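Take a look at the letters that make up each chain.
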Amino acid sequence: MKAQVLTPITVTPAMVTASVVAEPDTALGEVAWNAATSYAIGDEVIRTGTHRVYTSIATGVDAGLPEATPLRWEDTRPTNKHAAFDVYRSTAIKYAGTLTQTLQPGIITGMSFYGLVGDTLRVVCKNATSSTVYYDQTHSLSTYLSGDLMWEFYFGTPRQQDTLRITGLYPQDAKVEITLTPSPTTSMAQIGIWAVGSFSDLCLPQKGFKAQPVDYSRINVDSTTGEVSIQRGLSARNISGECIAITADEAQAAADVIYELLGVPVSVVITSDPGYDYLQAFGLLTADITAGDLPSLSINVRGII
């Protein structure tokens with residue numbers, strides 16, 4: 001199977017037609033901005049008109065809208081309800097219980113999830129006009145490290161599967177309903193990134209693909225005592241490796257896809273074979289293309305936190 005790239009569509013607030021998460025989400029401490037309130041530095045407010053969270057960088061009262069007064073307010077992140085639709089898995093939608101959300105993105109053929117926390121994820125795709133169901137699957141998000149399922153069932157500890165991809169959807173005007181049950185460990189349901197769009201083929205992946213976890217933690221050393229402290233940071237995943245095209249036309253088609261997506265955060269899946277979930281990432285895609293009898297592509301994906 002060829003490596004694939006999902007070009008996500010830009011999900012607008014109007015596409016989110018239903019959600020169990022309120023806006024503002026008072027359970028997570030979200031507070032709507034008020035023109036008459038005196039704010040301290042560091043206070044956070046939300047604007048339902050922009051679906052963004054703003055952090056105060058000055059004290060006092062200011063009637064200027066946060067999105068229009070950058071010297072008073074810093075645009076920090078999306079609101080919890082819309083957090084899964086930016087390009088950062090570190091800004092996740094979170095819900096204490098079963099998370100449900102409905103999206104009408106238009107015509108799509110696939111989707112990818114990153115930063116999942118939960119027990120099961122049910123995805124239902126319907127025709128937006130007729131409500132005819134054409135995809136309905138419930139996916140378990142518990143995986144085990146060894147291949148001995150019987151031993152793992154009785155003695156092992158399940159690992160959280162934090163990524164999921166769905167491909168081969170019939171291209172039609174879609175209405176997508178998701179139900180994410182909470183993690184039995186944390187009692188929370190979370191989605192870092194929910195990307196929907198259309199998958200495009202690249203080329204045939206060769207052996208030797210590499211996945212590189214990137215850690216943005218810091219080691220701080222006290223200059224006087226020499227004591228060391230670790231400030232844990234966010235993480236990402238880079239991918240690199242070689243793909244082969246059988247014909248020049250295949251190489252040209254892959255090159256056209258890559259050129260079109262330069263600078264665009266995308267979901268890249270090197271293989272759908274079981275056990276290779278680590279060979280998928282969300283980030284910026286580049287490639288070196290070498291002509292020949294069997295044209296080759298040196299693919300690099302720089303992961304986003």
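Located above this text is the structure these notes cover.
Quick caveat: nothing in here was measured; it's all calculated off a predicted structure.

**As for the overall build of the protein chain**
Right, so step 1: Across its full length, the protein chain carries two helices and 24 strands.
Right, so step 2: Expressed as lengths along the three principal axes of its C-alpha atoms, the size of the protein chain is roughly 70 × 65 × 50 Å.
Right, so step 3: Scored against the burial criterion, the 305 residues of the protein chain give a buried share of 41%.
Right, so step 4: Counting only contacts in the protein chain whose residues sit at least 6 apart along the sequence, the fraction spanning at least 24 positions is 66%.

**Here's the deal with the packing of aromatic side chains**
Right, so step 1: Across all of its chains, the model carries five aromatic pairs by this definition.
Right, so step 2: Ring-pair connections join several aromatic residues into one group, and the members of that group are F85, F113 and W194.

**Side note on helix α2 (residues 248-261)**
Right, so step 1: With 14 residues, α2 should cover 20 Å at 1.5 Å per step; its first-to-last C-alpha distance of 20 Å lies within 8% of that length.
Right, so step 2: Among all positions in α2, only A251, A254, A255, V257, I258 and L261 are buried. All buried residues of α2 lie within an arc of 160° about the axis, which places them on one face of the element. Across from the buried face of α2, at angles greater than 90 degrees, the exposed residues are A248, D249, Y259 and E260.
Right, so step 3: Each element contacted by the buried residues of α2 is listed here: β1 (4-8), β16 (193-201), β22 (266-269), β23 (280-290) and β24 (296-303).

**Some points on the layout of surface pockets**
Right, so step 1: Approximately 670 Å³ is the volume found for the largest pocket.
Right, so step 2: Lining of the largest pocket is provided by 25 residues; of these, R89, D162, L234, S235 and A236 occupy positions nearest its centre.
Right, so step 3: At the level of secondary structure, the elements contributing two or more residues to the lining of the largest pocket comprise β18 (210-215), β21 (235-244) and β23.
Right, so step 4: Space inside the second largest pocket adds up to approximately 400 Å³.
Right, so step 5: Along the wall of the second largest pocket there are 18 residues; nearest its centre are Q161, P274, G275, Y276 and D277.
Right, so step 6: Looking at the lining of the second largest pocket, the element that brings in the most residues is strand β13 (residues 163-166), giving three residues.
Right, so step 7: By residue class, the composition of the lining of the second largest pocket is five nonpolar, seven polar and six charged.

**A word on the state of the cysteines**
Right, so step 1: In the structure shown here, the tally under the stated rule is zero disulfides.
Right, so step 2: Of the cysteine sulfurs around C203, a residue in no disulfide, the closest is that of C243, at 6.0 Å.
Right, so step 3: Judged by relative accessible area, which is 0%, C203 ranks as buried.

**Considering the sheet that holds strand β3 (residues 44-47)**
As a general point, the strands of a sheet are linked pairwise by backbone hydrogen bonds and lie either parallel or antiparallel.
Right, so step 1: Judged by pairing direction, the sheet is antiparallel, and its three strands sit side by side in the order β3-β4-β5 without closing on themselves. Edge positions in the open sheet fall to β3 and β5 (73-78), since each of these has one partner strand only. Across the sheet, the mean angle from the axis of one strand to that of its neighbour is 35°, orientation sign disregarded.
Right, so step 2: Sheet analysis places β3 next to strand β4 (residues 52-56), joined by four bridges and oriented antiparallel. Bridged to I46 within β4 is V53.

**Describing the nonpolar core**
General note: in soluble globular proteins, nonpolar side chains tend to be found buried as a group.
Right, so step 1: Grouped together as the largest cluster of nonpolar side chains are 30 residues, with contacts concentrated most on M111, F113, L121, V123, V176, I191 and W194.
Right, so step 2: Of all elements in the fold, only β7 (99-108), β8 (110-114), β9 (120-127), β13, β14 (172-180), β15 (189-191) and β16 reach the threshold of two or more residues within this core.
Right, so step 3: Among the elements that make up this core, the one with the highest residue count is β14 (four residues).
Right, so step 4: Once residues within four sequence positions are removed from consideration, L121 is found in contact with F113, L116, Q137, T138, H139, L141, L164, I178, T179 and L180.
Right, so step 5: Grouped together as the second largest cluster of nonpolar side chains are 22 residues, F209, I258, V266 and V301 included.

**Things to note about the pattern of salt bridges**
Right, so step 1: Taken as a whole, this structure holds eight salt bridges when the rule is applied.
Right, so step 2: A salt bridge links R77 to E44; the shortest N-O distance between them is 2.9 Å. Residue R77 is located in strand β5, and its partner E44 is located in strand β3; the two are separated by 33 residues in the primary sequence.
Right, so step 3: The exposure class of E44 is partly exposed, given its relative accessible area of 37%.
Right, so step 4: Taking the shortest distance from any N to any O, the salt bridge between D277 and R165 comes out at 3.5 Å. Taken as a pair, D277 in the loop between β22 and β23 and R165 in strand β13 lie far apart in primary sequence, 112 residues in all.
Right, so step 5: Take D277: its relative accessible area is 30%, and that puts it in the partly exposed class.
Right, so step 6: Classification of R165 by relative accessible area gives buried; the value is 16%.

Calculation criteria
Positions within a chain are numbered from 1, following the residues in the order the chain's sequence is written. Local features in a predicted model are, by the rule used here, given only for residues with pLDDT of at least 70; side-chain atom pairs are given and counted only at 80 or more, and totals for whole chains, interfaces and linings are based on all residues. Values shown for side chains rest on all heavy atoms present in the structure; no hydrogens or waters enter the calculation. The way it works is that DSSP assigns letters per residue, a run of H or I at least four long becomes a helix, a run of E at least two long becomes a strand, and they are numbered from the N terminus. When accessible area is computed with a 1.4 Å probe and restricted to protein chains, residues below 20% of their type maximum are described as buried, those above 50% as exposed, and intermediate ones as partly exposed. Contacts are assigned to residue pairs that have any heavy atoms within 4.5 Å of one another. Classification of ring pairs rests on two measures: the distance between centres of Phe, Tyr or Trp rings, Trp counted by its six-membered ring, which must be within 6.5 Å, and the angle between planes, read as stacked under 30 degrees, edge-to-face over 60 and tilted in between. Expected helix span is given by 1.5 Å per residue-to-residue step, counting one fewer step than there are residues. Read the arc as the range of directions from the helix axis to the C-beta atoms. Cavity and pocket criteria rest on a 1 Å grid covering protein atoms alone: a 1.4 Å probe that fits but cannot get out defines a cavity, protein on both sides within 12 Å along at least 5 of 7 lines defines an open pocket, and an atom within 4 Å of a point defines a lining residue. Grid points are joined across faces, edges and corners, and a volume is the space filled by probe spheres set on the points. The nonpolar class holds Ala, Val, Leu, Ile, Met, Phe, Trp, Tyr, Cys and Pro. Asp, Glu, Lys and Arg form the charged class, and all remaining residues, Gly among them, are polar. Cysteine sulfur atoms are paired as a disulfide whenever they fall within 2.5 Å. A pair of strands is labelled paired if DSSP reports no fewer than 2 bridges between them. In this analysis an axis means a line fitted to C-alpha atoms, helices contributing only their contacting stretch, and an angle means the value between N-to-C directions, from 0 to 180 degrees. Joining through side-chain atoms within 4.5 Å is the link that ties buried Ala, Val, Leu, Ile, Met, Phe, Trp, Tyr and Cys residues into a set, and such a set is a nonpolar core. Salt bridges are counted wherever a side-chain nitrogen of Lys or Arg sits within 4 Å of a carboxyl oxygen of Asp or Glu.

Purely geometric numbers; function is a separate question.
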